[in-house]
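Chain and residue survey
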Amino acid sequence: MIPFNKVYITGKESIYINETLNNGAISGNGYFTKLCQGFFEAKYGFKKTLLATSCTDALEMCAILANIKTDDEVIIPSYTFVSTALPFIRQGAKIIFADSYIDNPNIDVNKIETLITSKTKAIVIVHYAGVSCDMDAIMALAKKYDLLVIEDAAQAIDSFYTGKDGVKRPLGSIGHLAAFSFHETKNIVSGEGGMLVINEEQFINRAEVIWEKGTNRAEFYRGEVNKYGWVDTGSSFLPSEIIAAFLWGQLENLDKIQAKRILLWNAYYDILSKIDLKGILLPKIPSYAYNNGHMFYIVARDIDQRNQLIATLKENGFHAVFHYLSLHDSSYYRDKHDGRILENSDKFTNCLLRLPLFYELEVSQIQDLVNKCF
Ligand SMILES: *Cc1c(COP(=O)(O)O)cnc(C)c1O
């Protein structure tokens, strides 16, 4: 069976983990944490990064930093993972779910403005499959209504956006705050893991405090205060050095991993473009966006065609999966939703199918999959 995903271990992870074990310093915010954070800040120009225990936790830090309180409203796409919404719910917010585009699972920016009220505090966007949202339009709305923009960039490592000014910017560097994931299903992994990106100076000090259990320990270690104590809310959001050491083994190979994943994505696209797809649609990358090889998905005509395809793939030894069930229609949120029908989100819920894509997959296996199943 060709699995949907297979973790790629570069071989360096265990070497760096052993280094931390030999150093004896295995709690957080140590040598490898600083190496990883420095790597991201240098490579992508992020103002400040903090490794986190997961993307969900990095988003939780965003919700605290955004000062979200009971009855504040936060606009979020319905077609996403629960983690995009959960941190804001825990702060007491009301989630206003927005629909996707008809031909792209990202939030449809044309449908955001009518959802903004005097209670709206933030827009959380998701770069689905690592393909950028329309950031110029989103940032313009945020400016007009004085809202925060938080990028759920869980899938968007090493992906970019070119705005109207012609400048190519890394995803995660455009919103006020952003969160990445290193969960084992993403391009770069550490088992569980994530990262908060802070692009606004005003949030940096508070983010460090929230990260370190509400204490000013980070300032203390830099020698800026002579003792540290409890100064704010927070939690234990920082990962251990063992996780950071693992991540560093991956980051050293980022360009190699990305090149292979993009090669595989392009192979799927080229091979499928040449055949009669019987109404199945291929992913659409808007002209302002790029593809980071995170995920190759197709969109079936209807749920029956998708079920048939999953069965055919399985018979031929390929494991394909679907995901995201519209959050506005989930058992947890259905009663709290305002009743609007989000037809594109529901269409992707029923019709989107993700095909196997992982570092060790080969183009010949993709050719074989298409020959046998399409
Ligand atoms: C994977 C994912 C998350 C959650 O990431 P964790 O690191 O597992 O917390 C959140 N949002 C999106 C869009 C994701 O794909």
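Residues numbered from 1 in each chain as written. Predicted model: local features only at pLDDT ≥ 70, side-chain atom pairs only at ≥ 80, totals over all residues. Heavy atoms only, no water.

**Structural notes on the domain arrangement of the protein chain**
Parsing the protein chain into structural domains produces domain 1 (13–251) and domain 2 (254–373). When each unit is reduced to the centre of its C-alpha atoms, the spacing between domain 1 and domain 2 is 25 Å. Each side of the interface is counted separately: domain 1 has 46 residues, and domain 2 has 35 residues. Of the roughly 3,600 Å² buried between domain 1 and domain 2 on both sides combined, carbon and sulfur atoms contribute 54%. By the criterion of area lost to domain 2, the three top residues of domain 1 are Tyr79, Phe97 and Asn187, representing 20% of everything that side buries. Taken together, the connections running from domain 1 to domain 2 amount to two salt bridges. (Domains from an automatic or database assignment. Contact = heavy atoms within 4.5 Å. Buried area = accessible area lost by both parts, 1.4 Å probe. Salt bridge = Lys/Arg side-chain N within 4 Å of Asp/Glu carboxyl O.)

**Concerning the site of the ligand**
Not every one of the 16 residues close to the ligand is listed here, only the nearest: Thr56, Asp152, Gln155, Ser181 and Lys186. In the model, an oxygen atom of the ligand is placed 2.9 Å from a nitrogen or oxygen of the Cys55 main chain. Take Ser181: an N or O atom from its side chain is 2.7 Å from an oxygen atom of the ligand. Look at the ligand: alone it shows 390 Å² of surface, and the protein chains cover 94% of it. Sorting the residues of the shell around the ligand by element identifies helix 3 (55–65) and helix 4 (82–90) as the ones contributing at least two each. Class assignment for the residues of the shell around the ligand results in five nonpolar, nine polar and two charged. (Near = heavy atom within 4 Å. Polar contact = N/O pair within 3.5 Å; in protein donor to acceptor, adjacent residues only side chain to side chain. Areas by Shrake-Rupley, 256 points an atom, 1.4 Å probe, with all protein chains shown as cover. Helix = DSSP H or I, 4+ residues; strand = E, 2+ residues; numbered from the N terminus. Nonpolar A, V, L, I, M, F, W, Y, C, P; charged D, E, K, R; others polar.)

**Some remarks on the pattern of salt bridges**
If you walk through the whole model with that rule in mind, you get 20 salt bridges. Where Glu224 meets Arg222, a salt bridge forms, and the shortest distance between an N and an O atom there is 2.7 Å. What makes Glu224 partly exposed here is its relative accessible area of 48%. A salt bridge links Asp329 to Arg334; the shortest N-O distance between them is 3.1 Å. One network of salt bridges, in which partners are shared, links Lys48, Glu208, Arg222 and Glu224. (Buried < 20%, exposed > 50% of the residue type's maximum accessible area, 1.4 Å probe, protein only.)

**Some thoughts on the pairing of strand 5 (residues 148–152)**
The buried count for strand 5 comes to five of five residues, which makes it a mostly enclosed element. On strand 5, burial covers both faces: Leu148, Ile150 and Asp152 on one face and Val149 and Glu151 on the other are all buried. Of the strand pairs in this sheet, strand 4 (residues 120–126) and strand 5 are connected by five bridges, and their pairing is parallel. Opposite Ile125, over in strand 5, you have Glu151 as the bridge partner. Here strand 5 runs beside strand 8 (residues 177–181); their pairing, made up of three bridges, is parallel. Residue pairing across strands places Glu151 opposite Ala178, the latter belonging to strand 8. (Pairing = 2+ DSSP bridges.)

**Focus: the sheet that holds strand 3 (residues 94–98)**
Whenever strands of a sheet pair, they do so through backbone hydrogen bonds, lying parallel or antiparallel. Ordered by their spatial adjacency, seven strands build an open sheet running 1-9-8-5-4-2-3, and the pairing between neighbours is mixed. Since the sheet does not close on itself, it has two edges, and those belong to strand 1 (48–52) and strand 3, each with one partner. Taking the axes of each pair of neighbouring strands and ignoring which way they run, one obtains an average angle of 20 degrees across the sheet. Running over the sheet, helix 2 (residues 31–44) touches strand 1 and strand 9 (194–198) and is turned about 135 degrees from strand 1. (Axes fitted to C-alpha atoms, helices over the stretch in contact; angles between N-to-C directions.)

**What about helix 2?**
Spanning 14 residues, helix 2 covers 20 Å between terminal C-alpha atoms, matching the ideal 20 Å at 1.5 Å per step. What helix 2 keeps buried is the set Phe32, Thr33, Cys36, Gln37, Phe40 and Tyr44. The arc that holds the buried residues of helix 2, viewed along the axis, is 135 degrees, so those residues lie on one side. Counted as exposed and oriented over 90 degrees from the buried face of helix 2: Tyr31, Lys34 and Ala42. Positive phi shows up at Gly45, right after helix 2, with a value of about 70 degrees. (Expected span 1.5 Å × (residues − 1). Arc of directions from axis to C-beta.)

**Brief notes about the environment of Ser236**
For Ser236, the location among the structural elements is in the loop between helix 7 (217–221) and helix 8 (241–251). Ser236 gets classed as partly exposed once you look at its relative accessible area, which sits at 40%. Apart from residues lying up to four places away in sequence, Ser236 is in contact with Thr53, Trp211 and Lys213.

**Comments concerning the pairing of strand 11 (residues 352–355)**
Burial of strand 11 is two-sided: the residues Leu352 and Arg354 facing one way and the residues Leu353 and Leu355 facing the other way are all buried. Of the pairings in the sheet, the one linking strand 10 (residues 296–299) to strand 11 comprises four bridges and is antiparallel in character. From the neighbouring strand, Tyr297 faces strand 11, where its bridge partner is Arg354.

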